[in-house]
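Structural features, examined
Here's the letter readout for the chains.
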Amino acid sequence: MTIDPGIALALAVHAHKGVYALLLGSGVSRAAGIPTGYEVTTALIKRVATAAGEDPGTNPDAWYESKFGRVASYSKLIEEIASTPPERMSLLRGFFEPTTDEREQGLKLPTRAHKSIAKLVAAGYINVIITTNFDRLLEDALNAEGVNPYVVSAPDQIAGMMPLTHINTCLIVKIHGDYLDTRIKNTPDELAGYDIDSNALLDRIFSEYGLIVCGWSCDWDPALCAAVTRNTRFRFGTFWMSRGSLTATAEGVAKFRFATINKIDSADQAFGDLEARVSALSEERIADPVSPQIALALTKRFMSEDKHFIQLEDLVVRELNSVRDQCAPNFFPMSEVPTHSSFVGRVGRMETVCAKIIPMVAALAYWGSNRNDALIARCVSSLARQESFSGAIYDYWDRLRLYPANLTCYAACVSACIRQRFGLLKLLLVDSTIRQPLEEAKPLIQCIAPGRALHYEAAQWLDPVPNGGNRKTPGSDWICKQLQPMLGNVFGADVDFEDAFDKFEMLLMLISSDICGWAPIGRFSWRNARSAGGSTYQNLITEVRGLSEAHLVLASGLFGGKLDRFNAAVEKMTEGVSRAAWG
């Protein structure tokens, strides 16, 4: 499994601070409702036609050329329509600056992408930005972060700029101009070539910096394409963010730079994720980060403030969908005869797929608030509703579809028990229900016992007893063994994980006895205590028999909040354990 390009980009930016330059096209400002230079030109032609009492039709460019005998030029149109600098400024502000209504709609204002870029600049990760855009959204976003950028937008400014090494703030090169300067490059002739000073600056940047490209199609910018591909001695890599397939021109430029292609949903998502990941790496000081650690760090960061809840939900739901997709029935042949190697292989694959969502959900349960609980329940319930393996020949395989839900629910519940957040247990195990085809809705607790997902006989293959024989609770043993390293970074080494695991499994058995009338038997029922005398089971029984009406378990609403129901469940549990071979 290769590292996701978005993760690779975050690692590169974090490891090489200030080394990567941004190359941004119109796609970055599209979400803000900012028009391109061509769109401004077209709008101006339509105004000229309207004033002349004519209809420019569907091809305003052709109408203008026929009417005036020349190709429409942005600069020429501006000069003809508005003859004085104040008039030009007033005209252009209508295209690039928001009205009151647009501001209320969030249009022509810095987007999440601009704000995330500004945060990266403020933190010192990005120092150079080249953009084909005329707007000032980047400058506005940077000013909001306390950064006063050094902006050059015309050949004479580039010729007179300070040496690159002496610019102690972010450099923005508006290679095609600024909307308040009518010398904007917009026509094919204007975009065909740059002046000597502009080319020299671009040559230096494209040689000395790595590149992060976003929102740029390449198709209309031959001079910029030539600048990117002119130098073959670039020292750092290129990451190309793309919503869909690259254009033929862009593909050629990307191949020349040996670019890593990063498929994205939008510039907002891409730069939002990049800033969040880099910040998480910086805050957590991860020395050798891998995806699960980054996912955990991001989860903790987004949980820290309510204003990040949407980003938190996006992060978790994307990972949830990824797990569901990779654990779908079509990934596993149902006709294959279960063997030691095939069963162990499938279990291992599912654990790898769940390696990020498990610590994320555990962190939500351990550090989170009630607001996060619904998100946890959504994850566990969604995984428990994973489509049944239609036509499954072997029960081993059909049960295994519940393994991701099993692992995720255990991670959340053990974490919740450590924090005594028993209300979350009630939400997950009792209040959350699932409905399979042709079945009635049932509490989630009926789907997450180890034996429900890991068939007893097959589970013996996962961690065979060294001298032969069977394990008493192979599924429970295996889940405990797998979760412990996954959750170590969630609540630290000072937590006795096995003790917390056993306490949860006892509660699981008690709740199941109360709700379902039957109970899965966990490893706590036979395991020897590592500290106090007696078995773990005996110690836990002593502890639960001392519960009072005021205990948090009952206060959460479990067992209907009634001590007599709880005590009845304890008696059912002790009967079940006594009937076991080791009872």
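Please refer to the structure higher up on the page.
Just so it is clear, the model here is predicted, and its values are computed rather than measured. (Residues numbered from 1 in each chain as written. Predicted model: local features only at pLDDT ≥ 70, side-chain atom pairs only at ≥ 80, totals over all residues. Heavy atoms only, no water.)

**Considering the packing of helix H27 (residues 497-515) against helix H30 (residues 563-579)**
To be explicit about the condition: For helices, the fitted axis covers only the stretch in contact; all axes are lines through C-alpha atoms, and the angles between them, taken along N-to-C directions, range from 0 to 180 degrees. Secondary structure elements are taken from DSSP: a helix is a run of H or I of four residues or more, a strand is a run of E of two residues or more, and numbering for both begins at the N terminus. When describing relative orientation, an angle under 35 degrees is termed roughly parallel and one over 145 degrees roughly antiparallel, while 65 to 115 degrees is termed roughly perpendicular and anything else oblique. Any pair of residues with heavy atoms lying within 4.5 Å of one another is described as a contacting pair. Side-chain classes follow a simple rule in which Ala, Val, Leu, Ile, Met, Phe, Trp, Tyr, Cys and Pro form the nonpolar group, Asp, Glu, Lys and Arg form the charged group, and the remainder, Gly included, forms the polar group.
For the pair H27 and H30, interaxial distance at closest approach is 8 Å and the crossing angle is 110°. By the angle class used here, H27 and H30 are roughly perpendicular. In this structure, H27 uses Met506, Met509, Leu510, Ser513, Asp514 and Ile515 to contact H30, whose residues at the interface are Arg565, Phe566, Ala569, Val570, Lys572, Met573 and Val577. Along the lines of polarity and charge, the residues of the contact of H27 with H30 split into 9 nonpolar, 1 polar and 3 charged.

**Structural notes on the pairing of strand E2 (residues 126-131)**
Selection rule: Per-residue accessibility, obtained with a 1.4 Å probe over protein chains only, is compared with the maximum for each type, and a residue is labelled buried under 20%, exposed over 50%, and partly exposed between these values. Pairing between strands is defined by DSSP: at least two bridges between them are needed.
In terms of residue burial, E2 counts as a mostly covered element, since 5 of its 6 residues are buried. Bridge count for strand E1 (residues 20-24) against E2 is 4 bridges, and the pairing is parallel. Each residue of the ladder has a partner; that of Leu23, found in E2, is Ile130. Here E2 runs beside strand E4 (residues 171-174); their pairing, made up of 4 bridges, is parallel. Residue pairing for E4: Val128 is matched across the bridge by Leu171.

**Some remarks on the nonpolar core**
Inclusion rule: Put simply, a nonpolar core is a bunch of buried Ala, Val, Leu, Ile, Met, Phe, Trp, Tyr and Cys residues held in one set by side-chain atoms that sit within 4.5 Å of each other.
Of all hydrophobic cores here, the largest spans 135 residues; its most connected members are Ile129, Phe271, Tyr403, Leu429 and Leu454. No other element matches helix H22 (residues 403-418), which puts 11 residues into this core. Excluding residues within four positions of it along the chain, Phe271 makes contact with Leu22, Leu24, Ala113, Ser116, Ile117, Ile212, Cys214 and Met241. Listed in part, the 32 residues of the second largest apolar core include Tyr194, Leu211, Ala250 and Ala254.

**Regarding the sheet that holds strand E3 (residues 150-152)**
Taken in spatial order, the 7 strands line up as E3-E4-E2-E1-E5-E6-E7 in an open sheet, and their pairing is parallel. In this open sheet, the two edge strands, each paired with only one partner strand, are E3 and strand E7 (260-263). Geometrically, the sheet is characterised by an average inter-axis angle of 20° between neighbouring strands, direction not taken into account. Where E1 lies against strand E5 (residues 210-214), 5 bridges are found, and the strand directions are parallel. In the strand pairing of E5, Leu24 is matched with Cys214. Of the strands in this sheet, E1 and E2 touch helix H8 (residues 112-122), which is tilted by about 140° from E2. The strands touched by helix H9 (residues 137-144) are E1, E2, E3 and E4; relative to E4, the strand with the most contacts, the crossing angle is about 165°.

**Some points on the packing of aromatic side chains**
This is how it is decided: In this scheme Phe, Tyr and Trp rings, the latter by its six-membered ring, pair at centre separations within 6.5 Å, and the angle between planes marks the pair as stacked below 30 degrees, edge-to-face above 60, and tilted otherwise. Placement of a positive charge over a ring is assigned whenever Lys NZ or Arg CZ falls within 6 Å of the ring centre and within 35 degrees of the normal to the ring plane.
Counted under the stated rule, the structure contains 17 aromatic pairs. Judged by centre distance (6.4 Å) and plane angle (20°), the ring pair of Phe491 and Phe497 falls under stacked. The residues Phe491 and Phe497 share a single accessibility class, namely buried. Ring geometry for Phe559 versus Phe566: centroids 5.1 Å apart, planes at 85°, classification edge-to-face. Among the aromatic residues, those joined into a ring-pair cluster are Tyr366, Trp367, Tyr410, Phe491, Phe497, Phe501 and Phe504. Here Arg419 stacks its cationic end above the ring of Tyr366, 4.7 Å away from the centre of that ring.

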